[in-house]
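Secondary and tertiary structure notes
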Amino acid sequence: MSTPITHASFTLERKLDAPVSRVWSAFSDYGNKKKWFVGPEEWTQGESSLDFREGGSETDTGGPEGGFVSSMKSVYHDIVENQRIVYSYEMYLNGERMSVSLSTIEMESDGDGTRLTLTEQGAYFTSEDHVEGRKEGAEGLLDALKAFVEGN
């Protein structure tokens, strides 16, 4: 039997009550990113790194104590300061690759705040229900980003 593949894309938008420079710093500064780009409270943190530059990479590994291990490995392809980040990333569950995605984050000033748009195009090596789970996970991370940059 062949390995399944599902192609899907989604776009998420957020209005953030923070200037673009603060939102940018939440992505580009490792210390800031670790304050909001985290798994659920019960997860333990494993390997984590950020080399935020074109050609640079990011890793993040974690999971519930004694449970599964979720890993993300990304490469940055295009970075335009305070405007755009384009990166590809692979997601692994217990060492098995689950997906490969291309993501674009766009930021633009909106009054005193920022309008952020995240677009993801993915190839998922699992059933379709994992696509909806990825979208929900991305929404949760954007909610955490919003709370961080707005100081909540």
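Parameters at a glance
- Residues numbered from 1 in each chain as written.
- Predicted model: local features only at pLDDT ≥ 70, side-chain atom pairs only at ≥ 80, totals over all residues.
- Heavy atoms only, no water.
- Core = buried A, V, L, I, M, F, W, Y, C linked by side-chain atoms within 4.5 Å.
- Buried < 20%, exposed > 50% of the residue type's maximum accessible area, 1.4 Å probe, protein only.
- Helix = DSSP H or I, 4+ residues; strand = E, 2+ residues; numbered from the N terminus.
- Polar contact = N/O pair within 3.5 Å; in protein donor to acceptor, adjacent residues only side chain to side chain.
- Contact = heavy atoms within 4.5 Å.
- Pairing = 2+ DSSP bridges.
- Axes fitted to C-alpha atoms, helices over the stretch in contact; angles between N-to-C directions.
- 1 Å grid on protein atoms, 1.4 Å probe; cavity = no way out; pocket = protein on both sides within 12 Å on 5 of 7 lines; lining within 4 Å.
- Points joined across faces, edges and corners; volume = space filled by probe spheres on them.
- Nonpolar A, V, L, I, M, F, W, Y, C, P; charged D, E, K, R; others polar.
- Phe/Tyr/Trp six-rings, centres within 6.5 Å; stacked < 30°, edge-to-face > 60°.

1. Some words on the nonpolar core
With 31 residues, the main nonpolar core has Phe27, Ile85, Met107, Leu116 and Leu145 as its most contacted residues. Elements with a minimum of two residues in this core: strand S1 (6–16), helix H1 (20–28), strand S4 (70–80), strand S5 (84–93), strand S6 (96–110), strand S7 (113–124) and helix H3 (129–149). The leading source of residues in this core is H3, at 6 residues.

2. Section: the side chain of Ser103
As for its placement among the helices and strands, Ser103 is situated in strand S6. Here Glu120 takes part through its side chain, which lies 3.5 Å from a polar atom of the side chain of Ser103.

3. Points about the side chain of Arg134
The residue Arg134 is located in helix H3 in this model. A polar atom in the side chain of Arg134 sits 2.7 Å from the side chain of Ser99. If we skip the residues at most four places from it in the chain, Arg134 touches Phe10, Tyr89, Met91, Ser99, Ser101, Glu120 and Tyr124.

4. A few points about the sheet that holds strand S3 (residues 57–64)
The 7 strands are arranged S1-S7-S6-S5-S4-S3-S2 in an open sheet whose pairing can be described as antiparallel. Among the strands making up the open sheet, the edge pair consists of S1 and strand S2 (43–50). Going from strand to strand, the sheet's axes swing by 15 degrees on average, the running direction of each strand aside. Across the face of the sheet, H1 comes into contact with S1, S2, S4, S5, S6 and S7 while running at roughly 160 degrees to S6.

5. Some thoughts on the layout of surface pockets
Here the largest pocket is characterised by a volume of approximately 1,100 Å³. The wall of the largest pocket is formed by 43 residues, among which Ser70, Met91, Arg134, Gly137 and Leu141 lie closest to the centre. For the lining of the largest pocket, the secondary structure elements donating two or more residues are helix H2 (30–36), S2, S3, S4, S5, S6, S7 and H3. It is H3 that contributes the most residues to the lining of the largest pocket, 8 residues altogether. Its residues assigned to classes, the lining of the largest pocket shows 23 nonpolar, 14 polar and 6 charged.

6. Quick notes on empty space enclosed by the protein
For the structure on display, the rule yields 1 cavity of 30 Å³ or more. A volume near 40 Å³ is recorded for the largest cavity. Residue lining of the largest cavity: Tyr30, Lys33, Lys34, Phe37, Ser48, Leu50, Glu58, Thr59 and Asp60, and that is the complete set. Looking at the lining of the largest cavity, the elements with two or more residues in it are H2, S2 and S3. Counted by class, the lining of the largest cavity contains 3 nonpolar, 2 polar and 4 charged residues.

7. Observations concerning the packing of aromatic side chains
Any pair of aromatic rings gets described here by the distance separating the centres and the angle formed by the planes. Evaluated as defined, the whole model comprises 7 aromatic pairs. With a centroid separation of 5.2 Å and an interplanar angle of 75 degrees, the aromatic rings of Phe27 and Trp36 are classed as edge-to-face. We classify Trp36 as buried; its relative accessible area is 3%. Between the aromatic rings of Trp43 and Phe68, the centroid separation amounts to 5.6 Å while the plane-to-plane angle is 85 degrees, which identifies the pairing as edge-to-face. On the criterion of sequence distance, the pair formed by Trp43 in strand S2 and Phe68 in the loop between S3 and S4 is long-range, its members being 25 residues apart.

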